[in-house]
Amino acid sequence: MSDPSLSASPLARQAARNLRTVEWLSENNTWRSDSSYRWNFWRTRQMMARTPDEAAAWLPALAFAVSCEKDADVLDEFARWPLPEPLPPEAIPWRDRLIQVWEQYPADTTWEKTIRLFALVRLDRRLERLPEWLAEAYQALDRKPENRRLRLAALVGWRPRPGDLPAHGDSREAVLQWGQFWEELLRNYSSESDALIAAVALLHLAEAGWLPAGLSPERLREEVRRRVQQCETTYLDWLLFHMALASVPAGSPSPEQQDITGWLELTRKDVDWKKREAVWDMLAAWQREGVVERGGIGRGRLPEPPLLLPDLARTLEWERDRCVLLAMAGYVPKAAEVRAHPKELRAVVAHWEALSRNDHWRIRQAAWVARWNLRRAGVLTAEEQTRFGADYVDAIRSEKDWNVLLTLVQIRLPGLFPLKAWTRQLSNQKNECRQAARLAIHGWLVDMASGSEASGEWRVASGSSLLATRCPLVRAVPGTAPTTRQYGQFPELPLRLAITRRQMRQVLRRAGQESTDAGTVAPFVNLPPEMLPDLRRLHEIKTALAAGQMPPPPPDAGMENQPMSRAVPARLPEAHPRTGPPGITDRTAGRTAGSEPPARHLFPEVIRHE
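Note that the structure is predicted; figures quoted are calculated from it, not measured. (Residues numbered from 1 in each chain as written. Predicted model: local features only at pLDDT ≥ 70, side-chain atom pairs only at ≥ 80, totals over all residues. Heavy atoms only, no water.)

K.L.:
Requested: an account of the overall build of the protein, with residues and values cited.
P.N.:
Along the backbone of the protein there are 28 helices and five strands. A burial count over the protein gives 58% of its 610 residues as buried. In the protein, of all internal contacts separated by at least 6 residues, the share reaching a separation of at least 24 is 79%. Only carbon and sulfur atoms are counted for the fraction: they give 50% of the accessible area of the protein, which is about 24800 Å². (Helix = DSSP H or I, 4+ residues; strand = E, 2+ residues; numbered from the N terminus. Buried < 20%, exposed > 50% of the residue type's maximum accessible area, 1.4 Å probe, protein only. Contact = heavy atoms within 4.5 Å. Areas by Shrake-Rupley, 256 points an atom, 1.4 Å probe, with all protein chains shown as cover.)

K.L.:
Give a description of the side chain of Arg364 that names residues and reports values.
P.N.:
Inspection of the secondary structure puts Arg364 in helix 21 (residues 361-376). Assessed through its relative accessible area of 12%, Arg364 is described here as buried. Within the structure, Arg364 has its side chain in polar contact with the backbone oxygen of Asn358 (distance 3.0 Å). The residues touching Arg364, leaving out its near neighbours within four places in the chain, are Leu355, Ser356, Arg357, Asn358, Asp359, Glu399, Asp401 and Val404. (Polar contact = N/O pair within 3.5 Å; in protein donor to acceptor, adjacent residues only side chain to side chain.)

K.L.:
How would you explain the packing of aromatic side chains if you had to name every residue and give the values?
P.N.:
By the definition in use, this model includes 20 aromatic pairs. Considering the side-chain rings of Trp42 and Trp81, the 5.9 Å spacing of their centres and the 80 degrees angle between planes classify their relative orientation as edge-to-face. One end of the pair, Trp42, is in helix 3 (residues 35-47); the other, Trp81, is in the loop between helix 6 (72-79) and helix 7 (92-104), with 39 residues separating them in the sequence. Classification of Trp42 by relative accessible area gives buried; the value is 1%. Taking the centre distance of 4.9 Å and the plane angle of 75 degrees together, the rings of Tyr138 and Phe181 count as edge-to-face. Residue Tyr138 is found in helix 9 (residues 130-140), and its partner Phe181 is found in helix 11 (residues 169-187); the two are separated by 43 residues along the sequence. Take Tyr138: its relative accessible area is 45%, and that puts it in the partly exposed class. Geometry around Trp81 places Arg50 over its ring, the cationic atom sitting 5.1 Å from the centre. For Arg371, the ring lying beneath its charged end belongs to Trp368, and the centroid distance is 4.7 Å. (Phe/Tyr/Trp six-rings, centres within 6.5 Å; stacked < 30°, edge-to-face > 60°. Lys NZ or Arg CZ within 6 Å of the ring centre and 35° of its normal.)

K.L.:
Give a description of the pattern of salt bridges that names residues and reports values.
P.N.:
Evaluated as defined, the whole model comprises 36 salt bridges. Where Arg314 meets Asp311, a salt bridge forms, and the shortest distance between an N and an O atom there is 3.0 Å. One end of the pair is Arg314 and the other is Asp311, both in helix 17 (residues 309-316) and three residues apart, which spans about a single turn. You can call Arg314 partly exposed: its relative accessible area is 46%. Look at Asp311 and you get buried, because its relative accessible area is 9%. A salt bridge links Asp391 to Arg357, with the shortest nitrogen-to-oxygen separation between them at 3.6 Å. (Salt bridge = Lys/Arg side-chain N within 4 Å of Asp/Glu carboxyl O.)

K.L.:
Just give me the short version of the packing of helix 21 against helix 22 (residues 382-398), but keep the residues and values in it.
P.N.:
Interaxial distance between helix 21 and helix 22 falls to 11 Å at its minimum, and their mutual angle equals 145 degrees. Like other packed secondary-structure pairs, helix 21 and helix 22 cross with a definite hand, here left-handed. Contacts between helix 21 and helix 22 involve Trp368, Arg371, Trp372 and Arg375 from the first element and Gln385, Arg387, Phe388, Asp391, Tyr392 and Ala395 from the second. Each residue belonging to the contact of helix 21 with helix 22 can be placed in one class, and the counts come to five nonpolar, one polar and four charged. (Axes fitted to C-alpha atoms, helices over the stretch in contact; angles between N-to-C directions. Left-handed = near helix turned anticlockwise from the far one by under 90°. Nonpolar A, V, L, I, M, F, W, Y, C, P; charged D, E, K, R; others polar.)

K.L.:
Can you tell me about the nonpolar core, naming the residues and giving the values?
P.N.:
Among the nonpolar cores identified, the biggest contains 163 residues, and Trp42, Trp102, Trp182, Trp352, Tyr392, Leu408 and Trp422 are the most heavily contacted of them. Per-element tally for this core: the top contributor is helix 12 (residues 192-207), with eleven residues. Not counting residues within four places of it along the chain, the set of residues in contact with Trp422 comprises Tyr392, Ile396, Leu405, Leu408, Val409, Phe417, Ala436, Ala437, Ala440 and Ile441. (Core = buried A, V, L, I, M, F, W, Y, C linked by side-chain atoms within 4.5 Å.)

K.L.:
Give me the lowdown on the confidence of the model for the protein, citing residues and values where you can.
P.N.:
The predicted model of the protein has a mean per-residue pLDDT of 74, with 69% of residues at 70 or higher. Long-range and interchain partners of residues 252-258, a stretch whose pLDDT sits below 50, account for eleven contacts in this model, where long-range means more than four residues apart. Here residues 558-610 is modelled with pLDDT under 50, and outside its nearest four sequence neighbours on either side it reaches 177 contacts, counting other chains as well. (pLDDT = per-residue confidence, 0-100.)

K.L.:
Any chance you could break down the packing of helix 3 against helix 21 for me, citing the residues and the numbers?
P.N.:
At a closest axis distance of 10 Å, the pairing of helix 3 and helix 21 adopts a crossing angle of 35 degrees. For the element pair helix 3 and helix 21, the recorded crossing hand is right-handed. Residue-level inspection shows Asn40, Thr44 and Met47 of helix 3 in contact with helix 21, the latter providing Trp361, Gln365, Val369 and Asn373. Residue composition of the contact of helix 3 with helix 21, by class: three nonpolar, four polar and no charged.

K.L.:
Residues and numbers for the environment of Thr51, please.
P.N.:
Secondary-structure assignment places Thr51 in the loop between helix 3 and helix 4 (52-56). Along the sequence, Thr51 and Pro84 sit 33 residues apart, while their C-alpha atoms lie 8.5 Å from each other.

K.L.:
Can you break down the side chain of Arg434 residue by residue, with the values?
P.N.:
As for its placement among the helices and strands, Arg434 is situated in helix 25 (residues 431-450). For Arg434, the residues in contact, after removing those within four places along its chain, are Gln425, Leu426, Asn428 and Gln429.

K.L.:
How would you sum up helix 5 (residues 59-68)? Please name residues and give values.
P.N.:
Judged by how many residues are buried, helix 5 sits mostly within the fold: eight of ten residues are covered. Those residues of helix 5 that fall on the buried side of the exposure criterion are Leu59, Pro60, Ala61, Leu62, Ala63, Phe64, Ala65 and Val66.

K.L.:
With reference to specific residues and values, describe the environment of Glu192.
P.N.:
The topology assignment puts Glu192 in helix 12. Taking C-alpha positions, Glu192 is 9.5 Å from Gln229, a pair spaced 37 residues apart along the chain. Filtering out sequence-adjacent residues up to four positions away, Glu192 remains in contact with Arg227, Gln230 and Cys231.

K.L.:
Outline helix 21, supporting the account with residue identities and numerical values.
P.N.:
The terminal C-alpha atoms of helix 21, which comprises 16 residues, lie 23 Å apart, in line with the 22 Å expected from a rise of 1.5 Å per residue. A large share of helix 21 lies buried, amounting to 13 of its 16 residues. Phi turns positive one or two residues past the end of helix 21, at Gly378, with a value near 75 degrees. (Expected span 1.5 Å × (residues − 1).)

Quick look at the structure:
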């Protein structure tokens, strides 16, 4: 009987890698004990441009992360994670598993219960659940004002699914009651926040054509903008903006120019930063799902004629609020804008390049997210791409803040891995910085092992230069060929690697023994038995996903503050410092933070397959 994992689709393979990465991270003390480390990772991940398949591949990992999370701020990031539409059929069981995890989440506080409701309403948009959401809405009216508004804001995320026909029968009655509830709230609101929430809920129905005549999408869209303009800017209102505007659709194929212009007025310098951030977050969300598609610019959701690139360039001249800049980093110009405003595009690229060298770490973090999104969208010139690679290596070498390093770890340049720069960070005095370096190097070795790069060619960045080399991903014993029996069951090479600067030097020095005149190396050797537990887990995940099922929890799931029980591998893949096999991934993990390497040498002589 054939192994199901061998026929796994690229989507299932990537989902398995993502899930195993998050499982790994959950075993690390730094990850478990520092909620800001987790929040930073997921917030940055959410703001980075991705294809629909890339977004869907994170669903199993999200389900696991939600089941382990106890911090409300991190849970809020999970709840606002955007889903691609339509969802790939293969990913539907993963979404269902995520819904199940949210259903079972033991929310203790009122805020946690609100976040759980917010996530479920956005994920489960079946008509069958509308009576349940309607009951929640009526119950919210009996709560204290601050809790009532947050609970109502959590409910506005429901909207009909793409392709759903107008409701009929019992479902039609539920839809009518749902619409009547929000219409009544809009007529008799007690605050601008209530009116904003009601207008957003009605806009979803109007966009789907499910709202009785009287309130058009255009009128409701203008109502939403006007209410945002008039709302106060307290912390509560800031939360409401994020929850309500996160679900506002981009609009019909031909919205009026005034619609976009009105929203841009809320990004001006004299507007409170909370509103500026929420509006840019919304504009970026309109673009993000359709911008990046197979390495180029896709068809954005923001339709003609509004072109925001000139406004983006002008805003970057003065905007220095760290939260607003991170929201702006998610906005990537669409094809029409690039063609119409090449000069403004070059100005935007130059502004982000300058901000990536700013003194404040949050501004540098936002700038690197923006530069990466622009590069992925394919709008950089050859000179700008070269400058990106050089700045990227320099930033890794000189960066002292772990938040920025964690962002740089998630940037994956095809064929480029700055090994020397990351190795220097292994001696950083900050544990979080060392952990980020371990994540990066570990991810490089995993990619090298699994052969995820289609071209099979890699480059190692040594200092500021990029040294090219060809690297075969698997090499058998001389005179033999790799067989399914040798490599087929566990094609990924070791995932749990304890890496220190001294160990990496030893790994790289040894690989030179197999160099040839052509510059090729044989990076892989016999599969160490100590690595089999991790490989079995990855294989288990991949097999389950390939069969359309969710994998069982890891053996040590739910164990907190427990040392990792699996042994440190005695042998690692090896590479030469000048010709070694690189590659980088943004989905990485490393050894337990703060733990010291064993006293014995970890790299005995290589034992090859007999």
